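Understanding the architecture of this molecule
Listed below are the residues making up each chain.
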Amino acid sequence: MMSGFVMRSQTSVFRKSFTGGATSQPSFSFPEYDNSSLFWSGYEVKYPQEGGKYGWQKPNDFITFFKGGLPDNFDDIYPQKTDVDNIIDYFIQINILGAFDNSGNNVYIARKNQSSPYI
């Protein structure tokens, strides 16, 4: 049974998936996932690499949570879904280095097991 999961963005996923403009409500669209494929919506599975099912449901749920209409209890929920300290460290790092293209390109999203938050 798979315990961890690592995926890497190959493109700026949010730039590619964003539609709308400055005066319109932003809209994000992601394609349906296929658990038999190593690739989904600009992401590639890096671990586990063995064939079969890759489990895109949890990453899809994670990305969908952050992509739009935030629930009223967002402040209570997001720390359960992601490692907040890691996100803060990453934000500081890309700003200090001026690596602004890394905010969506070559980003690794991982979790140690099915119940741990994404980092």
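Calculation rules
- Residues numbered from 1 in each chain as written.
- Predicted model: local features only at pLDDT ≥ 70, side-chain atom pairs only at ≥ 80, totals over all residues.
- Heavy atoms only, no water.
- Pairing = 2+ DSSP bridges.
- Helix = DSSP H or I, 4+ residues; strand = E, 2+ residues; numbered from the N terminus.
- Contact = heavy atoms within 4.5 Å.
- Axes fitted to C-alpha atoms, helices over the stretch in contact; angles between N-to-C directions.
- Phe/Tyr/Trp six-rings, centres within 6.5 Å; stacked < 30°, edge-to-face > 60°.
- Buried < 20%, exposed > 50% of the residue type's maximum accessible area, 1.4 Å probe, protein only.
- Parallel < 35°, antiparallel > 145°, perpendicular 65-115°, else oblique.
- Left-handed = near helix turned anticlockwise from the far one by under 90°.
- Salt bridge = Lys/Arg side-chain N within 4 Å of Asp/Glu carboxyl O.
- Lys, Arg positive; Asp, Glu negative; His and termini not counted.
- Polar contact = N/O pair within 3.5 Å; in protein donor to acceptor, adjacent residues only side chain to side chain.

Now for the sheet that holds strand β6 (residues 108-111). If you walk across this open sheet you meet the four strands as β4-β5-β1-β6, and the pairing is antiparallel. In this open sheet, the two strands that pair with only one neighbour each are β4 (39-40) and β6. Of the strands in this sheet, β1 (5-9), β4, β5 (43-47) and β6 are in contact with helix α2 (residues 57-67), which crosses β1 at around 55 degrees.

This brings us to the packing of aromatic side chains. Two numbers describe a pair of aromatic rings. These are the distance of the centres and the angle of the planes. All told, the structure shown has five aromatic pairs when counted by the stated rule. On the basis of an interplanar angle of 45 degrees and a centroid distance of 5.6 Å, the ring pair of W40 and W56 is categorised as tilted. Remark: W56 occurs in the loop between β5 and α2 and W40 occurs in strand β4; sequence separation between them is 16 residues. Grouping residues by exposure puts W40 and W56 together as buried. The interplanar angle of 35 degrees and the centroid separation of 4.4 Å between the aromatic rings of F62 and Y118 together place this pair among those described as tilted. Of the two residues, F62 is situated in helix α2 and Y118 in the segment after β6; the sequence distance between them amounts to 56 residues.

This paragraph deals with the packing of α2 against helix α3 (residues 74-81). Direction vectors running N to C along α2 and α3 enclose 150 degrees, while the axes themselves pass 12 Å from each other. Viewed along their axes, α2 and α3 adopt a mutual orientation that is roughly antiparallel. At the point where α2 passes α3, the crossing takes the left-handed sense. Within the contact between the two elements, α2 uses F62, F65 and F66 and α3 uses F74, I77, Y78 and K81.

What follows deals with the pairing of β5. Residues in a regular strand project their side chains so that they alternate between the two faces of the sheet. Direction of pairing for β1 relative to β5: antiparallel, over a ladder of four bridges. Bridging across to β5, V6 finds its partner in Y47.

Here the structure, examined in full by the defined rule, presents two salt bridges. Notably, a salt bridge pairs E44 with R8, separated by 3.8 Å at the nearest N-O pair. Here E44 is found in strand β5, whereas its partner R8 is found in strand β1, with 36 residues between them in sequence. Overall, the relative accessible area of 19% leaves R8 in the buried class. The exposure class assigned to E44 is buried, which follows from its relative accessible area of 13%. Each of the salt bridges in this network shares a partner with another, and the network as a whole consists of R8, E44 and K46.

What follows covers the side chain of S9. Turning to its location among the elements, S9 is positioned in strand β1. S9 gets classed as buried once you look at its relative accessible area, which sits at 1%. Apart from the residues within four sequence positions on either side, S9 is in contact with G42, Y43, G104, N105, N106 and V107.

Turning to the side chain of R111, a few remarks are in order. Following the sequence through the fold, R111 ends up in strand β6. There is no salt bridge for the buried R111, and the closest opposite charge comes from D61, which lies 8.0 Å off by N-O distance. A polar side-chain atom of R111 sits 3.2 Å from a polar atom in the side chain of Y118. Sequence-distant contacts of R111, defined by excluding residues within four places in its chain, comprise G4, F5, K58, S116, P117 and Y118.

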